[in-house]
Amino acid sequence: MSRADDTNEEQDGSRESTEDQEGLQLLETSKDDDANANFVSVGKEFSALQLQDGDELGLLHTKYELVPEKDFAAEVRAFRDLEAFLRQAVFVLDLDATDMGKIMEAMLRRLQDTHPKAKEEFTVNEVLAASFAQDSYSLVARTIQGIVRNNEMGSFDFDQSWICAMCDLPRLTQRYTMIAQLRRPTNLGATCQEVQIVMLILSPRIEKMTKTAMETGRTFATLFMDIEFRHAFIEAPSEADCKVLISDKAKALAYHQGLPEHRNSAMVIAKSVFDEPEGGKKCIFGRGLIGDLKRRLPHYWSDYKDGFVGKKTPHKVVATTLFLYFACVLPNIAFGMLNSNNTKGAIGVKKILFSQMFGGILFAVFGGQPLIVLLTTAPLALYTKIIFSISRDFDLNFDAMFACVGLWNAGFLIIYALFDVSKLMRWSSRSTEEIFSLFITFAFSADAIRDAIADFKTNYQNEACETKSMSSSNETLDVVLTTTASVLTSNTSDSGLSMVAECLRENSILFLLLMLGTLWMGLTLFNFTKTPFLTEGKREILADYALPIAVLFMSFFGSFVFREIKMKPFDYNPDEGMFVLAPLTSLPVGAVFAAAGLGFSLSLLFFMDQNISSALVNTPNNKLKKGAAYHWDLFVVAVINGFLSIFTFPWVHAALPHSPLHVQALADREERIDQGHVHQIVVHVRETRVTGIVSHVLIGLSMLLLPYPLSYIPRPVLDGLFLYVAITALYGNQFFERILLLVTEQAAYPPNHYIRRVPQRRIHTFTFIQLAQLLVLCVFGFSPIPYMKMIFPVLLMFLMPIRHKLVPKVIEPKYLRALDGH
């Protein structure tokens, strides 16, 4: 059992009144004075009795105690403590130290330089001796540290990014507070493995109860419980900025704690965007749209400002813009080639790039949640193929049929938005979202693998290669020439212009090299922050630019280093028609009603794709502050696709995994270490429209680069990008993590909350249920029968009732809350 779990059990009696709370609390760790004395004396007394390795024996008394947060709205001392500190603030910024003793020594030296009176009241060695529980200066005697509790899920973890140390001295006449900002996360002990902020409180031993070290420590610890405030403090470049941050945070906390609705609860649960408003208007027409606009419009201008203001923001925005450009334009080329083949050139690369540019810019400007990325996806390409097949079978005009289906789809989406149908997504749990996300990952991977297999069949296992193999196995030259001549004759007779297939095995080997090389380089750079090489800033830059670097490097590698090997360029029709109105009047009435059925099925796909992508973007783990806009986003997507339909441009909708990856690219993260397992949490996300607008303007300019220089990007590099996007989307996918548990040694299981709270058999049962649902989606989604794919959107809708009606009959609800909660 972990140390946190032991603490949880010890405090069960004192926590019964907070059974429903979830959040940060303060925990005081103290090694009593008597215990300190006992430790030292026992160590000295048994100094002659040493173990074989030289370690001395000793006793240490440790006690944990929950400490209430400081109430800045009600407690007088809260602001007085801050005022006293800000008048004579002692900051040590950008401190490069990795030892607690050296950190505290630097803080004390700064205090004595700033306040000469402090030199008369204590010496540095005196404070260090009183602050630590042993002579080695490795174990602080009294500390306050944050803990993260979740009673529903049962997790109990230390907040390891900050620590507040306290010390009482007999000769002190006043209190002193010091705050150190470390240059990099530092390991200071078992529960302090990623510390970047250290506070030290010195207080007279005999002091008024409201002015003790403990009470002063509560004041500052309450401020630093907020992860966003800590992040801003760590990034603060000067003492003046630190003072402003502390003062503003105290005022905001006092206002927040003073609100009437917060006075009787230690925690506030934010209302969901899907909750019904109080008071109750009976008419639901357009209420969701109005609510979304009221929620998002006040933040509209800040959506632009946040793309320019803030430390690391310019670098993050540029890196994210390039990531979005390559992550969108390269799949566009691939899907453009696929659509061109499926529609005999009616929809090609040029049209798909325009759709991406037009839809992306409009959504980035007018959409409610600008972090969502619109894209043409594989399911939409399959629907386009189905419409083309129907048009050909029934002798209908494809452009007219495509436009009619698109307009019906847009009409249904507008109805969904006006009548708040997105409220159904309140039943969409993490399980539903991650099943669909994993299906999209498989779809991207399948596209790349399918292309590799097709290339090997074309260039590696064709008739010419078989003939060459026969000749190398003791075949005479005459037989080879005769066979080749007969093949040439037969091919020429069948088609006057056809040529015998060449044996180009080097093309297939290069295809594999470029595809896997792009994947390897992208993942290596993406995970470079986990290596000890270079500096922290350079590692982060390489990780942010992982995809552009991998694509450009491997494109140069394939197009110039191996330029003698001619890779097949992507198909491009320079005469592709643009802005030609679809002849809707040419459709018979029966075709219009048939298009309505196709449009309804397509609208279900749009509805689920759009809302699941939005749910994954707005998940609580991302800590977005400006709110979601499910209904308004659906309305904007409907209008965009209505316009695209009448000109036979391909449709776009919210894309997975691009939308969550867009959020990750704009996020600042902190690492957490729990029992040797490293995981990252999002601290802050730049919620901006700038990246979406600029990246899609660049995509529009890419139309001018057709066919060159885009043709210098080999097709296998596009497939490597597909694999990169698919694999990086698996990071943080709890469903995939539980699949890996099926083949993981039990001793290596990570200390996740569901591992602690759910029996292992129930975990694997839930995983197998999800796998069964994923298998059904794959059977219909990847079926070779085109019309089976039309059932796919309906299956997506059934994921929600299965989760809420059938799964609870197999797994108890208390376990489902731990397994399926955000």
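Residues numbered from 1 in each chain as written. Predicted model: local features only at pLDDT ≥ 70, side-chain atom pairs only at ≥ 80, totals over all residues. Heavy atoms only, no water.

A. Spotlight on the overall build of the protein. Secondary structure summary: the protein contains 31 helices and 12 strands in total. At a minimum sequence separation of 6, the contacts of the protein that also span at least 24 residues come to 79%. When the accessible surface of the protein is totalled, it reaches about 37,700 Å², and 61% of it is carbon and sulfur. (Helix = DSSP H or I, 4+ residues; strand = E, 2+ residues; numbered from the N terminus. Contact = heavy atoms within 4.5 Å. Areas by Shrake-Rupley, 256 points an atom, 1.4 Å probe, with all protein chains shown as cover.)

B. Examining a nonpolar patch on the surface more closely. Among the surface-exposed residues, Val694, Val697, Leu698, Leu701 and Leu704 lie close enough to one another that they form a single nonpolar patch of about 420 Å² accessible area. Mapping Leu698 onto the fold places it in helix α25 (residues 690–702). (Patch = residues over 30% accessible without salt bridge, like charges linked within 9 Å, V, L, I, M, F, W, Y side chains within 5 Å. Salt bridge = Lys/Arg side-chain N within 4 Å of Asp/Glu carboxyl O.)

C. Spotlight on the packing of helix α16 (residues 430–459) against helix α22 (residues 589–617). Two elements in contact, α16 and α22, have axes separated by 10 Å at closest approach and are oriented at 110°. In terms of axis orientation, α16 runs roughly perpendicular to α22. Contacts between α16 and α22 involve Thr432, Glu433, Phe436 and Ser437 on the former and, on the latter, Asp609, Ile612, Ala615 and Leu616. When grouped by side-chain class, the residues that make up the contact of α16 with α22 number 4 nonpolar, 2 polar and 2 charged. (Axes fitted to C-alpha atoms, helices over the stretch in contact; angles between N-to-C directions. Parallel < 35°, antiparallel > 145°, perpendicular 65-115°, else oblique. Nonpolar A, V, L, I, M, F, W, Y, C, P; charged D, E, K, R; others polar.)

D. Quick peek at the side chain of Lys626. Tracing the backbone shows Lys626 in the loop between α22 and α23 (630–646). In this structure Lys626 comes out as buried when scored by relative accessible area, which is 9%. At 3.1 Å, the side chain of Lys626 and the side chain of Ser302 are in polar contact. Of note is the side chain of Lys626, whose polar atom sits 2.8 Å from the side chain of Asp303. (Buried < 20%, exposed > 50% of the residue type's maximum accessible area, 1.4 Å probe, protein only. Polar contact = N/O pair within 3.5 Å; in protein donor to acceptor, adjacent residues only side chain to side chain.)

E. Fine view of the packing of aromatic side chains. All chains considered together, the criterion is met by 36 aromatic pairs. Aromatic side chains Phe85 and Phe91 sit 5.4 Å apart centroid to centroid with 75° between the ring planes, which places their arrangement in the edge-to-face category. The exposure class assigned to Phe85 is buried, which follows from its relative accessible area of 4%. The buried category is assigned to Phe91, whose relative accessible area is 1%. Between the aromatic rings of Phe122 and Tyr176, the centroid separation amounts to 6.4 Å while the plane-to-plane angle is 70°, which identifies the pairing as edge-to-face. Residue Phe122 is found in the loop between α5 (117–121) and α6 (124–131), and its partner Tyr176 is found in strand β7 (residues 176–186); the two are separated by 54 residues along the sequence. Here Phe122 and Tyr176 have matching classes, each one buried. Clustering of aromatic rings is evident, with ring pairs tying together Phe85, Phe91, Phe220, Phe224, Phe229 and Phe233. Lying across the ring of Phe649, Lys351 places its NZ or CZ 5.8 Å from the centre. (Phe/Tyr/Trp six-rings, centres within 6.5 Å; stacked < 30°, edge-to-face > 60°. Lys NZ or Arg CZ within 6 Å of the ring centre and 35° of its normal.)

F. Helix α4 (residues 100–114), seen in detail. Compared with an ideal rise of 1.5 Å per residue, which puts 15 residues at 21 Å, α4 spans 21 Å between its outermost C-alpha atoms and is within 8% of the ideal. Three or more residues of α4 are buried, namely Met100, Gly101, Ile103, Met104, Met107, Leu108, Leu111 and Gln112. Along the long axis of α4, the arc covered by the buried residues comes to 165°, so they all point the same way. In α4, those exposed residues whose orientation departs by more than 90 degrees from the buried face are Lys102 and Asp113. Residues of α4 that are buried sit in contact with β3 (91–95), α5, α6, β6 (162–169), β7 and β8 (195–204). (Expected span 1.5 Å × (residues − 1). Arc of directions from axis to C-beta.)

G. Here's a closer look at the environment of Ser603. Here Ser603 lies in helix α22. Given a relative accessible area of 0%, Ser603 falls into the buried group. For the pair formed by Ser603 and Tyr416, sequence separation is 187 residues and the distance between their alpha carbons is 9.3 Å. There is a polar contact of 2.6 Å between the side chain of Ser603 and the backbone oxygen of Phe600.

H. The arrangement of the confidence of the model for the protein in detail. Across the protein, the average pLDDT comes to 78, with 81% of residues at 70 or higher. Across residues 33–51 the pLDDT falls below 50, and counting only partners more than four positions away or on other chains, this stretch makes 19 contacts in the model. (pLDDT = per-residue confidence, 0-100.)

I. Broad picture of the pattern of salt bridges. Overall, the coordinates contain 27 salt bridges when judged by the stated rule. Of the charged contacts in the structure, one is a salt bridge between Glu105 and Arg109, with a shortest N-O distance of 3.4 Å. Here Glu105 pairs with Arg109, and both are found in helix α4, just 4 residues apart, close to one helical turn. Judged by relative accessible area, Arg109 falls into the partly exposed class, the value being 41%. Across the pair Glu812 and Arg762 runs a salt bridge, and its minimum N-O distance is 3.0 Å. Separated by 50 residues along the polypeptide, Glu812 in the loop between α30 (792–806) and α31 (813–819) and Arg762 in helix α29 (residues 760–781) bring together distant segments of the chain.

J. Region of the structure containing α29. Compared with an ideal rise of 1.5 Å per residue, which puts 22 residues at 32 Å, α29 spans 31 Å between its outermost C-alpha atoms and is within 8% of the ideal. When α29 is considered as a whole, its buried residues turn out to be Ile763, His764, Phe766, Thr767, Ile769, Gln770, Gln773, Leu774, Leu777, Cys778 and Gly781.

K. Seen up close, the environment of Leu338. By the secondary structure assignment, Leu338 is in helix α12 (residues 313–342). With 11 residues separating them along the chain, Leu338 and Val349 place their C-alpha atoms 9.0 Å apart.

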